[in-house]
Amino acid sequence: KAGVTQTPRYLIKTRGQQVTLSCSPISGHRSVSWYQQTPGQGLQFLFEYFSETQRNKGNFPGRFSGRQFSNSRSEMNVSTLELGDSALYLCASSLGGTENEKLFFGSGTQLSVL
Amino acid sequence: GESVGLHLPTLSVQEGDNSIINCAYSNSASDYFIWYKQESGKGPQFIIDIRSNMDKRQGQRVTVLLNKTVKHLSLQIAATQPGDSAVYFCAEGDQTGANNLFFGTGTRLTVIP
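Procedures and definitions
- Residues numbered from 1 in each chain as written.
- Chains lettered and ligands numbered in written order.
- Predicted model: local features only at pLDDT ≥ 70, side-chain atom pairs only at ≥ 80, totals over all residues.
- Heavy atoms only, no water.
- Helix = DSSP H or I, 4+ residues; strand = E, 2+ residues; numbered from the N terminus.
- Rg over C-alpha atoms; globule rule 2.2 N^0.38 Å.
- Buried < 20%, exposed > 50% of the residue type's maximum accessible area, 1.4 Å probe, protein only.
- Contact = heavy atoms within 4.5 Å.
- Areas by Shrake-Rupley, 256 points an atom, 1.4 Å probe, with all protein chains shown as cover.
- Lys, Arg positive; Asp, Glu negative; His and termini not counted.
- Charge placed at Lys NZ, Arg CZ, Asp CG, Glu CD.
- Pairing = 2+ DSSP bridges.
- Phe/Tyr/Trp six-rings, centres within 6.5 Å; stacked < 30°, edge-to-face > 60°.
- Lys NZ or Arg CZ within 6 Å of the ring centre and 35° of its normal.
- Disulfide = S-S within 2.5 Å.

> Hey, could you run me through the overall build of chain A in this one?
Scanning chain A from N- to C-terminus turns up 0 helices and 11 strands. Order of helices (α) and strands (β) in chain A, N terminus to C terminus: β-β-β-β-β-β-β-β-β-β-β. Taken over C-alpha atoms, the radius of gyration comes to 13 Å for chain A, in line with the 13 Å a tight globule of 114 residues would show. For chain A, the spread of C-alpha atoms along the three principal axes comes to 40 × 25 × 25 Å. By residue count, 49% of the 114 residues in chain A fall in the buried class. Long-range contacts, defined as pairs at least 24 residues apart, comprise 54% of the intrachain contacts of chain A with a sequence gap of at least 6. In the structure as shown, chain A presents an accessible area of about 5400 Å², 48% of it carried by carbon and sulfur atoms. Looking at chain A, you have 11 positive and 7 negative side-chain charges, and the mean spots of the two groups are 5 Å apart.

> Explanation requested: the pairing of strand S7 (residues 62–67) of chain B in the structure shown.
All names here are of chain B. Sheet analysis places strand S6 (residues 56–58) next to S7, joined by 3 bridges and oriented antiparallel. In the sheet register, arginine 57 faces S7, and the bridge partner there is valine 64. Linking two consecutive strands that pair antiparallel, namely S6 and S7, is a turn of 3 residues; a positive phi of about 65 degrees is found at arginine 61 within it. Pairing of S7 with strand S8 (residues 72–77) involves 6 bridges; the strand directions are antiparallel. The residue bridging threonine 63 from the neighbouring strand is glutamine 76, located in S8.

> Would you explain the packing of aromatic side chains in this entry?
We describe a pair of aromatic rings using the distance from one ring centre to the other and the angle between the two ring planes. Summed over all chains, the structure comprises 13 aromatic pairs over all chains. Here Phe89(B) and Phe103(B) contribute two aromatic rings whose centre-to-centre distance is 6.2 Å and whose plane-to-plane angle is 85 degrees, an arrangement assigned as edge-to-face. Of this pair, Phe89(B) sits in strand S9 (residues 86–93) while Phe103(B) sits in strand S10 (residues 101–103), placing them 14 residues apart in sequence. Ring pairs connect the aromatic residues Tyr35(A), Phe45(A), Phe104(A), Phe105(A), Tyr36(B), Phe46(B), Phe89(B) and Phe103(B), which therefore count as one cluster. When the ring centre of Tyr10(A) is taken as reference, the NZ or CZ atom of Arg9(A) above it lies at 5.3 Å. Seen from the ring of Phe50(A), Arg55(A) lies directly overhead, with NZ or CZ sitting 4.4 Å from the centre.

> Got a minute to help me understand the state of the cysteines in this structure?
Disulfide: a covalent bond connecting the sulfur atoms of a pair of cysteines. In total, this model carries 2 disulfides over all chains according to the counting rule given. One disulfide in the model links Cys23(A) with Cys91(A); its S-S distance is 1.8 Å. Between Cys23(A) and Cys91(A), the disulfide has an S-S torsion of -55 degrees and is therefore left-handed. Highlighted residues: Cys23(A) in strand S3 (residues 19–24) and Cys91(A) in strand S9 (residues 87–94), separated in sequence by 68 residues. Residues Cys23(A) and Cys91(A) agree in their burial class; the two are buried. A disulfide bridge connects Cys23(B) with Cys90(B), and the sulfur atoms are separated by 1.7 Å. Handedness here is read from the sign of the S-S torsion; for Cys23(B) and Cys90(B), about 50 degrees, the answer is right-handed. Of this pair, Cys23(B) sits in strand S3 (residues 19–25) while Cys90(B) is found in strand S9, placing the two residues 67 residues apart along the sequence. The class of Cys23(B) is buried, set by a relative accessible area of 1%.

This is how it looks when you write it as structure tokens:
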């Protein structure tokens, strides 16, 4: 069974631009979560999507948004990029139950904002 | 909100020895805990999880211990191998059951051949 796939693997953008990251979950998984990882802040939860709806949201500004498609694939968008948005963006999928469950992470998209 | 912290940012062990990585959490109502391993250039990889109705859970070469009295979690790796070198994160589940994990800062484990 294929794991979580994230594209692209690396991205370089400049301040003010916007970016879209893509995530394909493990087959059968209906929940997709996004995390930001930086050396200073560690791993921080951005949001979770289930059945094409945002089910939970972390404490990030509105510049960070996402969506989920009917096949459970998800995209994350960051608008008006800032230098501080440089980070590894990780997508994780899970079955999507109502209890805490293990998340399976992709390898991430390394975003550099210049 | 929840706060999860690791006791040591780095840990070095000899190959073949056992490793113990510790983690403290702040929310006594938390009922789900999970350990991840992250190698350079990769995403976190699931190791083992435990719910609060258990004190101990074992996997292949790994054991997680949960002490709810002192809000402490540990990961034990038996017969540590060079391939175990990585950063290890403990994480605490959101009380609501949402897939929102609060991660600790991580411990870098280095295995000395």
